[in-house]
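Single-letter residue listing:
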Amino acid sequence: MLMVAVVLPSMSVVAQQKYGAKPLEFESLKEWKKVHRPAILEFFQSEVYGRTPEKQPKVSFEMLEQSDKALGGKAVRKQVAINVEGLPTPILLLIYQPAEAKGKVPAFVCMNFKGNHQINPDPVIIISENAPKGEELKGDAPRGAAMSRWPLEEIVGAGYAVATIYRGDVDPDVDDNFQNGIHPLFYTEGQSVPAADEWGTIGAWAWGLSRVMDYLEKDKSIDNKRVAVVGHSRLGKTSLWAAVCDKRFALAVSNDSGCGGAALSMRKMGETVAKINKSFPHWFCDNYNKYNDNEEALLVDQQGLIALIAPRPVYVASATEDAWADPEGEFLSALYASPVYELYGKKGLAISAMPQPEKPSIEGSVGYHIRTGKHDITLYDWLQYIKFANKYFK
Ligand code: GTR
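A quick note: this is a predicted structure, and the numbers were derived from the prediction, not measured.

(A) Spotlight on the overall build of the protein chain. Along the backbone of the protein chain there are ten helices and nine strands. For the protein chain, whose C-alpha radius of gyration is 20 Å, the value lies close to the compact-globule estimate of 21 Å for 394 residues. Taking the principal axes of the C-alpha coordinates as reference, the protein chain spans close to 60 × 55 × 40 Å. Considering the protein chain as a whole, with its 394 residues, one finds that 60% of them fall into the buried category. Long-range contacts, defined here as pairs at least 24 residues apart, represent 70% of the contacts in the protein chain between residues at least 6 apart. When the accessible surface of the protein chain is split by element, carbon and sulfur atoms take 53% of a total near 15,600 Å². Across the protein chain, the centroid of the 44 positively charged side chains sits 6 Å from that of the 48 negatively charged ones.

(B) Seen up close, the site of the ligand. Every residue close to the ligand is listed here: Phe-113, Ser-233, Arg-234, Lys-237, Glu-271, Ile-276, Phe-280, Trp-283, Trp-324 and His-375. Ser-233 places a polar side-chain atom, nitrogen or oxygen, 2.7 Å from an oxygen atom of the ligand. Glu-271 places a side-chain nitrogen or oxygen 2.5 Å from an oxygen atom of the ligand. For the ligand, whose free accessible area comes to 320 Å², the fraction covered by protein is 80%. Per-class residue counts for the shell around the ligand are five nonpolar, two polar and three charged.

(C) Layout of helix 10 (residues 379–393). For helix 10, spanning 15 residues, the distance from its first C-alpha to its last is 20 Å, which sits close to the expected 21 Å at 1.5 Å a residue. Every buried residue belonging to helix 10 is among Asp-381, Trp-382, Gln-384, Tyr-385, Ile-386, Phe-388, Ala-389 and Phe-393, and all of these are buried. Taken together, the buried residues of helix 10 touch strand 4 (105–112), helix 3 (152–157), strand 6 (222–232), strand 7 (251–255), strand 8 (314–319) and strand 9 (366–371).

(D) Local environment of the pairing of strand 2 (residues 75–84). Where burial is concerned, most of strand 2 is hidden: nine out of the ten residues are buried. Pairing geometry for strand 1 (residues 59–70) and strand 2, over nine bridges, is antiparallel. Residue pairing across strands places Glu-62 opposite Ala-81, the latter belonging to strand 2. Following strand 1, the chain reverses through four residues before pairing antiparallel with strand 2; Leu-71 in that reversal takes a positive phi of roughly 45°. With antiparallel pairing between neighbouring strands as the criterion, strand 2 and strand 3 (residues 91–98) make up a hairpin whose turn holds six residues, including Gly-86 at a positive phi of roughly 100°.

(E) Spatial organisation of the packing of helix 5 (residues 201–218) against helix 6 (residues 234–245). It is the contact of helix 5 with helix 6, at a shortest axis distance of 9 Å, that shows an interaxial angle of 65°. As helix 5 packs across helix 6, the resulting crossing turns out to be right-handed. Of helix 6, the residues touching helix 5 (which contributes Ile-202, Gly-203, Trp-205, Ala-206 and Leu-209) are Arg-234, Leu-235, Lys-237, Thr-238, Trp-241 and Ala-242.

(F) Spotlight on the environment of Met-63. Mapped onto the secondary structure, Met-63 falls in strand 1. For Met-63, a relative accessible area of 39% puts it in the partly exposed group. Separated by 316 residues in sequence, Met-63 and Leu-379 place their C-alpha atoms 30 Å apart. Beyond its immediate stretch of four places on either side in the chain, Met-63 contacts Lys-78, Gln-79, Val-80 and Tyr-215.

(G) The confidence of the model for the protein chain, seen in detail. On average, residues of the protein chain carry a pLDDT of 95, and 94% of them reach 70 or more. When the criterion is pLDDT under 50, residues 9–13 qualifies, and its contacts beyond four places in sequence or with other chains add up to two contacts.

(H) Structural context of the pattern of salt bridges. A complete count under the given rule lists 22 salt bridges for this structure. Two residues, Arg-226 and Asp-223, come together in a salt bridge whose shortest N-O distance is 2.6 Å. Each member of the pair, Arg-226 as well as Asp-223, is classed as buried. The network of salt bridges with shared partners includes Arg-211, Asp-214, Glu-217, Asp-246 and Arg-248.

Rules behind the numbers
- Residues numbered from 1 in each chain as written.
- Predicted model: local features only at pLDDT ≥ 70, side-chain atom pairs only at ≥ 80, totals over all residues.
- Heavy atoms only, no water.
- Helix = DSSP H or I, 4+ residues; strand = E, 2+ residues; numbered from the N terminus.
- Rg over C-alpha atoms; globule rule 2.2 N^0.38 Å.
- Buried < 20%, exposed > 50% of the residue type's maximum accessible area, 1.4 Å probe, protein only.
- Contact = heavy atoms within 4.5 Å.
- Areas by Shrake-Rupley, 256 points an atom, 1.4 Å probe, with all protein chains shown as cover.
- Lys, Arg positive; Asp, Glu negative; His and termini not counted.
- Charge placed at Lys NZ, Arg CZ, Asp CG, Glu CD.
- Near = heavy atom within 4 Å.
- Polar contact = N/O pair within 3.5 Å; in protein donor to acceptor, adjacent residues only side chain to side chain.
- Nonpolar A, V, L, I, M, F, W, Y, C, P; charged D, E, K, R; others polar.
- Expected span 1.5 Å × (residues − 1).
- Pairing = 2+ DSSP bridges.
- Axes fitted to C-alpha atoms, helices over the stretch in contact; angles between N-to-C directions.
- Left-handed = near helix turned anticlockwise from the far one by under 90°.
- pLDDT = per-residue confidence, 0-100.
- Salt bridge = Lys/Arg side-chain N within 4 Å of Asp/Glu carboxyl O.

So, in structure tokens, the structure goes:
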């Protein structure tokens, strides 16, 4: 997870280069690795999501609860406190994994929006102190309200573990000037907010996903070489960034991630950089504001983010009624990252034009589908991710 400052071998070449919103075509894998990859990584670290500080707090794990009779006996449930030194409350990790498994199982790591208890009505799920309560629930049933987004029986039935944490346990999704959540733990003496090139909330969430990976590495029933990171919408932006920051994620899925996720920004369709920075000033680093109504100044568009994950497989998904996330921009990003996969000898996206709804493309290392319907993550989406993951993990 440590992001070491990069010394760029050919800074002058890079400085003159603008990668834009185009296919990322380079001469050789060597050139990609030596020149372009470091420049693009540096750009996303310093101008978009912000750097993750190097100094790390102490993290420990505590098993709070365990049962092999979850989901009607189909699953083992584990609840683990991820204790971060200095953080007032633990990051609560909830895992469901197949009850009957021969050997270690692969896993999907996925952050949730409103608390672990919203993914399933299972009454034993511990409710985080940070989860929305009373009024803030806006009529949602407190337990199992997001169940449609978490088809646990299908995922566990397919032989996968699901490991989830609540975003608010890592960093609250509000513009609090970075006074709560994990940011203050990283401030150096005299510092009270992140510097312009330091992480915002998406960077913090990605850091949290890496702590889940730390736990999974210690859990002997999980195969830590077969862990996919999945996220929907703002958490899809986060899953892509988490996969860039942490190579232990062997596969990444971005579901309807839109602006600042998979979608190309320079198209200015749906949500734009200016709009996202205005509505969510805490998601990205301060430097990202330079690109408000100034997308052409970006060194590279969001296809660069996907390319940074290569050669590990990535799946990008869209929904037909999700114009705000610019489905075509999400598709093009996957397409434009593909030449980098080819440098590694892999097939990128196997198609070159936007497919029909419900016609997924999973032949290459870059997968894509567009589903009929709204901005959401559904059973249909998950079934495609399972199929895609099976190609690499089974
Ligand atoms: C919207 C935001 C999107 C997306 C979405 C979500 O309000 O504009 O970028 O992140 O929220 O997370 O559901």
